[in-house]
Amino acid sequence: MNTIASKSNLMDLDRPGLGAFFEAMGEKRYRADQLVKWIHRHGRTDFGSMTDISKALRQRLADAAQVEPPRVLTEKTSDDGTRKWLLGVGCNNAVETVFIPEPNRGTLCISSQAGCSLNCTFCSTATQGFSRNLTTGEIIGQVWVAAQSLEHTQADRKITNVVFMGMGEPLMNFEPVVSAIELMRDDLAYGLAGRRITVSTAGLVPGIDRLRECTDVSLAVSLHGATDELRNRLVPLNKKYPIKELMAACRRYLDGRNRARITFEYTLIDGVNDAADDARKLVRLLRSVPSKLNLIPFNPFPGTEFKRSSEAAINRFQKIVLDAGLVATVRKTRGDDIDAACGQLVGQIADRTRRQERFRKRLAAQPLPVTVNSGAPVL
Ligand code: SAH
């Protein structure tokens, strides 16, 4: 063990946390404002360059603390401009972060856990099992890394939106996620409005209620099926929090606050949830909540039994929901050539659940030779 390991990582602290840190050092809380600006606005990690802080205090900081963002293992850029970073988060774990440029905005898709403990049957992260929750520093560090990288290579490109749609279930890592959200919103850091930050959940009802108590971010719910029977198959968490309870939580989330609507994500899987009747059931369900629907053509990954819906099925599905008056968009697949599409983020997970092993065994039993995680660089 080196001495660095025992130093506090100031990336882990939001402004109140930094205030408390300085207070514990016998310093004034406002020092936190300076540090937030240096770290997140100016991207500095060395105390030596923080020139509005006295030399003596800089030295004390260097003795007690460090600013350590996640390590960039690889960075790839797609033909369409999408960028993907593989970030080392210690103990043989790596997570992925994706930046998606569009004409009027830049969306950063971040991860909240190394792996995922939910077992959604159509998601590649699920095949990797679960290692651990990310720390605040590892979550906000993804924004830090992307912001720095853009600043140095494409200064005209900014992060205008952040979505928790990478690896992991954000509401199962509640405090670090909320603390990272605070930094995203902090005017001295990234200054994003709450509605530009989206927490996407597989439907953890108590987490939705807790989130409503402490932030005003946008909420996306991964639905994928309009009946419990179908949803149980795709999102096993539904057995614990069935659709009726989930919809009630969504209504509570919007209740009396300035959050216009919930985004429902619906991955279209060939022959599983893409029939005209599925669309009609979805229409009936979504009538009860102010919503917009995000249809995601399924992105295949090695070893999956599912297939993407045909163009015709996607169009038919969208037409039915649009004709019924819902707002519905089909998500464009971006970053296909670098495996950065939705549900394809794999990173590298030191699995503690043995799910990876079981999945590999299942793959090995299949007649065709396929590789697991072929998109992820070998570390
Ligand atoms: N756990 C959170 C966030 C991560 S998943 C959640 O469930 O919302 C982000 C989105 O990608 C979810 O809507 C998820 O259902 C979708 N997704 C996962 N695997 C996919 C795949 N193979 N193809 C298309 N979308 C997928």
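Residues numbered from 1 in each chain as written. Predicted model: local features only at pLDDT ≥ 70, side-chain atom pairs only at ≥ 80, totals over all residues. Heavy atoms only, no water.

Visitor: Any chance you could explain the domain arrangement of the protein here in plain terms?
Guide: It is common to report an interface's size as the accessible area lost on association of the parts. Under the domain assignment, the protein is made up of domain 1 (10-66) and domain 2 (71-365). Taking only C-alpha atoms into account, the centre of domain 1 sits 33 Å from that of domain 2. Counting from both sides, the interface comprises 14 residues of domain 1 and, opposite them, 16 residues of domain 2. Between domain 1 and domain 2, a total of about 1,200 Å² is buried, with carbon and sulfur atoms accounting for 56% of that surface. There are one salt bridge connecting domain 1 and domain 2. D186 is the salt-bridge partner of R15, the closest N and O atoms lying 2.8 Å from each other. For the pair domain 1 and domain 2, the number of links is seven residue pairs in polar contact (both at pLDDT 80 or more). Looking at which element gives the most residues to the side of domain 1 that touches domain 2, the answer is helix α2 (residues 31-41), with six residues. Of the residues in the side of domain 1 that touches domain 2, the class split is four nonpolar, four polar and six charged. (Domains from an automatic or database assignment. Contact = heavy atoms within 4.5 Å. Buried area = accessible area lost by both parts, 1.4 Å probe. Salt bridge = Lys/Arg side-chain N within 4 Å of Asp/Glu carboxyl O. Polar contact = N/O pair within 3.5 Å; in protein donor to acceptor, adjacent residues only side chain to side chain. Helix = DSSP H or I, 4+ residues; strand = E, 2+ residues; numbered from the N terminus. Nonpolar A, V, L, I, M, F, W, Y, C, P; charged D, E, K, R; others polar.)

Visitor: Looking at this structure, I do not really get the site of the ligand. What am I missing?
Guide: Taken together, 19 residues lie around the ligand, and F122, S200, S222, H224 and N299 are the ones closest in. Within the contact set of the ligand, a nitrogen atom lies 3.1 Å away from a side-chain nitrogen or oxygen of E169. Compared with its free state, where it exposes 530 Å², the ligand has 96% of that area covered by protein. At the level of secondary structure, the elements contributing two or more residues to the shell around the ligand comprise β10 (197-201) and β12 (262-268). Grouping the amino acids of the shell around the ligand by side-chain chemistry returns eight nonpolar, nine polar and two charged. (Near = heavy atom within 4 Å. Areas by Shrake-Rupley, 256 points an atom, 1.4 Å probe, with all protein chains shown as cover.)

Visitor: Any chance you could explain the sheet that holds β10 here in plain terms?
Guide: Whether parallel or antiparallel, the strands of a sheet pair through hydrogen bonds between backbone atoms. Within the open sheet, the ten strands sit side by side as β3-β4-β5-β6-β9-β10-β11-β12-β13-β14. Their pairing is mixed. Of all the strands in the sheet, just β3 (71-77) and β14 (327-330) have a single pairing partner and so form its edges. Ignoring which end each strand starts from, the neighbouring axes of this sheet average 20 degrees apart. Where strand β6 (residues 105-109) lies against strand β9 (residues 161-164), three bridges are found, and the strand directions are parallel. When the bridges of β9 are listed, L108 appears paired with V162. (Pairing = 2+ DSSP bridges. Axes fitted to C-alpha atoms, helices over the stretch in contact; angles between N-to-C directions.)

Visitor: Just to check I follow, could you spell out the pairing of β14 for this structure?
Guide: Moving residue by residue along a regular strand, the side chains alternate between the two faces of the sheet. Sheet topology places strand β13 (residues 291-297) next to β14; four bridges connect them, and they run parallel. Within β14, the position partnered with N294 by the bridge is T329. Of the crossover connections in this fold, the one passing from β13 over helix α10 (residues 311-323) to the parallel β14 is right-handed. (Right-handed = clockwise from strand over helix to strand, strands pointing away.)

Visitor: Would you mind going over the packing of helix α6 (residues 205-214) against helix α8 (residues 243-254) with me for this structure?
Guide: Between two packed helices, both the angle of their axes relative to each other and the distance between the axes serve to describe the pair. Here α6 crosses α8 at 5 degrees, and the two axes come no closer than 9 Å. With respect to their mutual orientation, α6 and α8 come out roughly parallel. Counting all contacts with α6, which are made through V205, I208, D209, L211 and R212, the residues of α8 involved are E245, L246, A249, R252 and Y253. Looking at the contact of α6 with α8 residue by residue, the class counts come to six nonpolar, no polar and four charged. (Parallel < 35°, antiparallel > 145°, perpendicular 65-115°, else oblique.)

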